[in-house]
Amino acid sequence: MTTRNQAFTILQQHIHDRFLINHHLSSEIVMRAFAKHWKEDEELWGICGLLHDLDWEYTKANPSEHTKKAAEILRAEGVEEEIIHAVQAHHPTASGVWPSNIMEECLYTTEELTGLIIACALVQPDKKLASVSEQSVLKKLKNLNFAKGVNRDIVGRAPEVLGMSMEDIIKISLKAMQDISNELGL
Ligand SMILES: [Fe+2]
């Protein structure tokens, strides 16, 4: 299987913006945390998170192409179809591929949540993830004027598709991101 190092090398060839690298690292660590929680394959889940927006710098002006270019790149790199399918399923409106298993649902819903958690950190006086509480993330999730780019419909389906309360989903995600706060510079 594609190793984490190989995946990170591919990511760095196509994503150069530091904020975007952080978004991928956040998604990776959150996916790892959920895989660990359910005793699933942490490497596989983590790599899906690490690669999911691989083509964003090429497709941001044309979101209807998002994940299509990523699939091409990953296929050329010999990355497993299971990973490519998960990458495509996190943006079904462009790819036409919908999440079809718990790993794909987890990627689809939690990568959106990581954006909200980072926005919550950035409004803290010290801009640190350590200052963010689960309750504040939950509150800001309900405040539609906060971090308007975060799609509440996608985050909102998480409890049903993951079979877990929103409080627990936020708890696991926030803790995972806090664990790599130095790496994220937050
Ligand atoms: Fe993303």
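Anything mentioned here points back to the structure above.
As the structure is a prediction and not an experimental result, all values here were calculated from the model.

**Description of the overall build of the chain**
The helix and strand tally for the chain stands at 13 helices and 0 strands. Ordered by position in the sequence, the α and β elements of the chain form the string α-α-α-α-α-α-α-α-α-α-α-α-α. Relative to the 2.2 N^0.38 estimate, which gives 16 Å for 186 residues, the radius of gyration of the chain is 15 Å and therefore close to what a compact globule would have. A total of 186 residues make up the chain; the buried ones form 53% of that total. Pairs at least 24 residues apart make up 63% of the contacts formed inside the chain by residues separated by at least 6 positions. Surface exposure of the chain reaches about 8,700 Å², of which carbon and sulfur atoms provide 50%. Seen as two clouds, the 19 positive and the 27 negative side-chain charges of the chain have centres 8 Å apart.

**A short note on the packing of aromatic side chains**
A full pass over the atoms with the stated rule returns 3 aromatic pairs. Judged by centre distance (5.5 Å) and plane angle (35 degrees), the rings of F34 and W38 are tilted. By relative accessible area, F34 is classed as buried at 0%. Ring geometry for W38 versus W45: centroids 6.0 Å apart, planes at 55 degrees, classification tilted.

**What to know about the coordination of the iron ion**
Surrounding the iron ion are the protein donor atoms H23 (NE2), H52 (NE2), D53 (OD) and E111 (OE), which sit 1.9 to 2.1 Å from the metal. Each of the 4 donor atoms bound to the iron ion contributes to angles spanning 92 to 166 degrees, and the resulting shape is irregular. Written as a sequence motif, the donor arrangement for the iron ion is H-x28-H-D-x57-E. Take H52 and D53: they sit in the same class, and that class is buried.

**With respect to the pattern of salt bridges**
Considering all chains together, one arrives at 7 salt bridges under this definition. Residue E28 is joined to R4 by a salt bridge in which the shortest nitrogen-to-oxygen separation is 2.8 Å. In this pair, E28 sits in helix α2 (residues 18-37) while R4 sits in helix α1 (residues 4-14), placing the two residues 24 residues apart along the sequence. In this structure, the salt-bridge partner of K175 is D179, at a minimum N-O distance of 2.9 Å. Of this pair, K175 and D179 both sit in helix α12 (residues 166-179), 4 residues apart, roughly one helical turn. By relative accessible area, K175 is classed as partly exposed at 47%.

**Some points on the environment of T110**
Of note, T110 is situated in helix α8 (residues 102-122). Overall, T110 belongs to the buried group, its relative accessible area being 2%. Put simply, T110 and A158 are 48 residues apart on the chain and 7.6 Å apart in space, counted from C-alpha to C-alpha. In contact with T110, not counting residues within four places along its chain, are V30, M31, F34, L162 and S173.

The rules we used
Throughout this document, residue positions are counted from 1 along each chain, in the order its sequence is written. With pLDDT at 70 or above as the cut-off, local features in this predicted model cover only qualifying residues; side-chain atom pairs require 80 or more to be listed or tallied, and sums for whole chains, interfaces and linings still use all residues. Side-chain descriptors were evaluated using all non-hydrogen atoms of the structure, hydrogens and water having been removed beforehand. Secondary structure follows DSSP: runs of H or I at least 4 residues long count as helices, runs of E at least 2 residues long count as strands, and numbering of each begins at the N terminus. The atom set for the radius of gyration is the C-alpha atoms, and the globule formula is 2.2 Å times the number of residues raised to the power 0.38. Exposure categories follow from relative accessible area, calculated using a 1.4 Å probe and restricted to protein chains: below 20% of the type maximum is buried, above 50% is exposed, and the middle band is partly exposed. Contacts are residue-level and defined by heavy atoms, with any inter-residue pair within 4.5 Å sufficient. In this description, accessible areas are obtained by the Shrake-Rupley approach with a 1.4 Å probe, and a residue is regarded as covered only by the protein chains that are shown. By the counting rule applied here, Lys and Arg register as positive and Asp and Glu as negative, while His and the ends of each chain are not counted. By convention, the charge on Lys lies at NZ, on Arg at CZ, on Asp at CG and on Glu at CD. Ring pairs shown here join Phe, Tyr and Trp side chains whose ring centres sit within 6.5 Å, with only the six-membered ring taken for Trp; geometry is labelled stacked below 30 degrees between planes, edge-to-face above 60, and tilted in between. Only nitrogen, oxygen and sulfur atoms within 2.8 Å of the metal, or 3.2 Å for Na, K and Ca, are treated as donors, and water is left out, so sites may look incomplete. Only four donors with every angle between 85 and 135 degrees are called tetrahedral; only four or six donors with opposite donors over 155 degrees apart and all others between 65 and 115 are called square planar or octahedral, in that order; all others are irregular. Just to be clear on terms, a salt bridge is a Lys or Arg side-chain nitrogen sitting within 4 Å of an Asp or Glu carboxyl oxygen.

Any functional reading would require information that these geometric values do not contain.
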